[in-house]
Amino acid sequence: MAKFIDLTVTAIEPTTADAVVVSLMPTDGSVLSFVQGQYLTFKHMIDGAEVRRSYSICSPVGGQAVQVGIKRVDGGAFSNWANAELKIGDTLQALSPMGHFHTPLSPEQSRAYVGFAIGSGITPLLSIIRTTLETETRSTFSLVYANRSIQTIMFKEELEDLKNKYMNRLNVVHILKTGQEDIEFFSGRLDRPKLQDLFTKWLHVPNFDTAFICGPQEAMTTIANTLQEFGMDQNNIKYELFGTPNARPKPAVQTQAKTTDVALKVVIDGVSRDLSGGSDMSVLDAALAAGIEAPYACKAGVCSTCRCKVTDGHVEMRVNHALEDYEVAAGYVLSCQAYPKTASVSVEYDE
Ligand SMILES: Cc1cc2nc3c(=O)[nH]c(=O)nc-3n(C[C@H](O)[C@H](O)[C@H](O)COP(=O)(O)OP(=O)(O)OC[C@H]3O[C@@H](n4cnc5c(N)ncnc54)[C@H](O)[C@@H]3O)c2cc1C
Ligand code: FES
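Residues numbered from 1 in each chain as written. Chains lettered and ligands numbered in written order. Predicted model: local features only at pLDDT ≥ 70, side-chain atom pairs only at ≥ 80, totals over all residues. Heavy atoms only, no water.

Participant: I'm lost on the pairing of strand β1 (residues 4–16) in this one. Help?
Facilitator: Regular strands place side chains that alternate from one sheet face to the opposite one. For β1 and strand β6 (residues 91–98), the ladder comprises five bridges, and the chain directions are antiparallel. Looking at the pairing, Thr8 lines up with Thr91 of β6. In this structure, β1 lies alongside strand β2 (residues 19–26), joined through eight bridges in antiparallel fashion. Paired with Leu7 across the bridge in β2 is Pro26. In this structure, the hairpin formed by β1 and β2 is closed by a connection of two residues. (Pairing = 2+ DSSP bridges. Helix = DSSP H or I, 4+ residues; strand = E, 2+ residues; numbered from the N terminus.)

Right, dumping it as structure tokens:
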């Protein structure tokens, strides 16, 4: 089970005018272990309200400090606070690293990976690229990285350094919305015609074993569909979604629909608790209402922090932007989106 840990901020550096890279180390002096592509969920009080937000780790596996890149979102609570007020020496509380945006690495493997990052979607990919090329010395990585303009490219220098280090194994294609009109191929939006052009002239899709995509939902769907159009099996495409438009949960709407009582069993940290819920209440909300410290962040079906396994009974998952088909088939649900459909439901957070 994920627990909140204290992390001390050891460095803060701008990577663009509206994004910072924050370096963190466990306050107790231990080393934080994680897998490339995972994220941290921070908890912080802002203007008297608890805010929880997830940020992907951009540093490679094996380093001393972990780093996250936080891009300012217009009017956004946490991202503006982190860019303007967070200081070296501050302590941030975070759940231990989570997420499944990765594939197993092995020094014996020789694979061809392709990644697609839109804007701040570069953060998990940077960790994946750094860790993969270091671990698998015969594998290659091609990155397609889309940004508004050259000024908004996060980790531009780090990518240049990586290209120099792995000259024959890393290929980076920058697509800029503005500022590169003289080279039509690399300018504009990463839409279907652009991808078709790329896949015809630059990247031969059947050569790739795995694709990683991170960005806004609409762009991710277009990229995944076009990859499949060019021959990639959907099982070889991994996704990480940072948010959907207006992804923050809205206050519950009271309806007249008849609700039924539900007997809920929640296993967390090896302890089993029986509580009562209702068919109109998510499993997560029922657990939180009973004082159980169940993990969550977005409460909108995006981040998967609240993942648990249904071991008895049935639930309906209303939104799922985070779990893959095989996880759902194995009984995993997003508890913030899971509404009981049977009179009794048992879930486990520890699996
Ligand atoms: C698994 C995961 C990993 C993530 N990794 C990163 C990362 O590495 N770097 C990073 O900068 N962000 C990352 N995010 C997004 C991040 O968690 C926050 O959603 C984002 O920083 C906005 O939070 P906020 O508190 O500033 O804005 P809020 O106060 O939550 O929202 C303000 C407004 O912005 C809109 N909004 C919320 N999120 C986004 C978004 N992602 N893009 C555009 N508009 C948005 C909301 O709809 C709202 O209108 C990640 C999200 C997830 C789920
Ligand atoms: S809390 Fe983010 S998916 Fe449930």
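Participant: It is not clear to me how the domain arrangement of the protein chain should be interpreted in this structure. Could you clarify?
Facilitator: A common way to state how big an interface is: give the accessible area lost once the parts meet. Under the domain assignment, the protein chain is made up of domain 1 (4–98), domain 2 (112–241) and domain 3 (261–348). The centre of domain 2, based on its C-alpha atoms, is set 34 Å off from the matching centre of domain 3. (Domains from an automatic or database assignment.)

Participant: For this particular structure, what's the right way to read helix α4 (residues 192–201)?
Facilitator: Along an α-helix, residues three or four positions apart point the same way, because every turn accommodates 3.6 residues. Along α4, the positions that sit buried rather than exposed are Lys194, Leu195, Leu198 and Phe199. Along α4, the residues classed as buried sweep out an arc of 130 degrees about the axis, all on the same side. Opposite the packed face of α4, turned more than 90 degrees from it, sit the exposed residues Pro193, Thr200 and Lys201. Elements that come into contact with the buried residues of α4 comprise β7 (112–118), β8 (140–147), β9 (170–176) and α5 (217–229). (Buried < 20%, exposed > 50% of the residue type's maximum accessible area, 1.4 Å probe, protein only. Arc of directions from axis to C-beta. Contact = heavy atoms within 4.5 Å.)

Participant: What should I look at first to understand the sheet that holds strand β10 (residues 210–215) in this one?
Facilitator: Each strand in a sheet pairs with its neighbour through backbone hydrogen bonds, running either in the same direction (parallel) or in the opposite one (antiparallel). Taken in spatial order, the five strands of this open sheet run β9-β8-β7-β10-β11, and their pairing is parallel. In this open sheet, the two edge strands, each paired with only one partner strand, are β9 and β11 (237–241). Strand-to-strand, the axes of this sheet are offset by a mean angle of 10 degrees, without reference to chain direction. Its contacts with the sheet place helix α2 (residues 122–135) against β7, β8, β9 and β10, and it is angled at close to 165 degrees to β8. (Axes fitted to C-alpha atoms, helices over the stretch in contact; angles between N-to-C directions.)

Participant: What is the right way to read the sheet that holds strand β14 (residues 307–312) from this model?
Facilitator: The strand order β13-β12-β18-β14-β16 describes an open sheet built from five strands, whose pairing is mixed. Whereas interior strands pair on both sides, the edge strands pair on one side only; in this sheet they are β13 (271–278) and β16 (332–334). Along the sheet, successive strands turn relative to each other by an average axial angle of 35 degrees, direction set aside. Taken together, the eight bridges between strand β12 (residues 261–268) and β13 define a ladder with antiparallel strand orientation. In the sheet register, Val267 faces β13, and the bridge partner there is Ser272.

Participant: Looking at this structure, I do not really get unusual backbone geometry. What am I missing?
Facilitator: Glycine aside, residues mostly have negative phi, and peptide bonds are mostly found in the trans state. A positive phi angle is found at Asp47, which is not glycine, with a value near 50 degrees. With respect to the secondary-structure elements, Asp47 resides in the loop between β3 (39–46) and β4 (49–56). Asp47 gets classed as exposed once you look at its relative accessible area, which sits at 80%. With a phi angle near 75 degrees, Ser304 is a residue other than glycine that sits in the positive phi range. Position of Ser304 relative to the elements: it lies in the loop between α6 (283–289) and β14. Given a relative accessible area of 10%, Ser304 falls into the buried group.

Participant: How should the packing of aromatic side chains be read in this particular structure?
Facilitator: Working definition: an aromatic ring pair is given by the centre-to-centre distance plus the angle between the planes. In this structure the tally under the stated criterion is 11 aromatic pairs. Taken together, a centroid distance of 5.5 Å and an interplanar angle of 90 degrees make the contact between Phe101 and Phe212 edge-to-face. Here Phe212 lies in strand β10 and Phe101 lies in the loop between β6 and β7, a separation of 111 residues in the sequence. The exposure class assigned to Phe101 is buried, which follows from its relative accessible area of 1%. Aromatic pair Phe116 and Phe199: ring centres 6.1 Å apart, planes at 80 degrees, arrangement edge-to-face. (Phe/Tyr/Trp six-rings, centres within 6.5 Å; stacked < 30°, edge-to-face > 60°.)

Participant: Looking at this structure, how should I read the side chain of Lys71?
Facilitator: In this structure, Lys71 sits in strand β5 (residues 66–71). We note that Lys71 is buried and unpaired, the nearest opposite charge coming from Asp18 at a distance of 4.1 Å. (Lys, Arg positive; Asp, Glu negative; His and termini not counted. Salt bridge = Lys/Arg side-chain N within 4 Å of Asp/Glu carboxyl O.)

Participant: What should I look at first to understand the pattern of salt bridges in this one?
Facilitator: Side chains that differ in charge, positive against negative, can pair when their charged atoms come close. Counting across every chain of the model gives 11 salt bridges. For Glu160, the salt bridge goes to Lys163, with nearest N and O atoms at 3.8 Å. Here the residue Glu160 and the residue Lys163 both occupy positions in helix α3 (residues 156–165), the gap between them amounting to three residues, near one helical turn. According to the relative accessible area criterion, Lys163 is partly exposed, its value standing at 28%. For Glu316, the salt bridge identified is with Arg318, shortest N-O distance 3.9 Å. A relative accessible area of 35% places Glu316 in the partly exposed class. Residue classification places Arg318 among the partly exposed residues on the basis of a relative accessible area of 49%.

Participant: Sorry if this is basic, but what is going on with the packing of α2 against α3 here?
Facilitator: The geometry of a pair of packed helices is captured by two quantities: the angle between their axes and the separation between those axes. Contact geometry of α2 with α3 gives a least axis separation of 12 Å together with a crossing angle of 20 degrees. By the angle between their directions, the pair α2 and α3 is classed as roughly parallel. You can see that α2 and α3 cross each other, and the crossing is left-handed. Within the contact between the two elements, α2 uses Ile122, Leu126, Ile129, Arg130 and Glu134 and α3 uses Glu158, Leu159, Leu162 and Lys165. Its residues placed into classes, the contact of α2 with α3 shows five nonpolar, no polar and four charged. (Parallel < 35°, antiparallel > 145°, perpendicular 65-115°, else oblique. Left-handed = near helix turned anticlockwise from the far one by under 90°. Nonpolar A, V, L, I, M, F, W, Y, C, P; charged D, E, K, R; others polar.)

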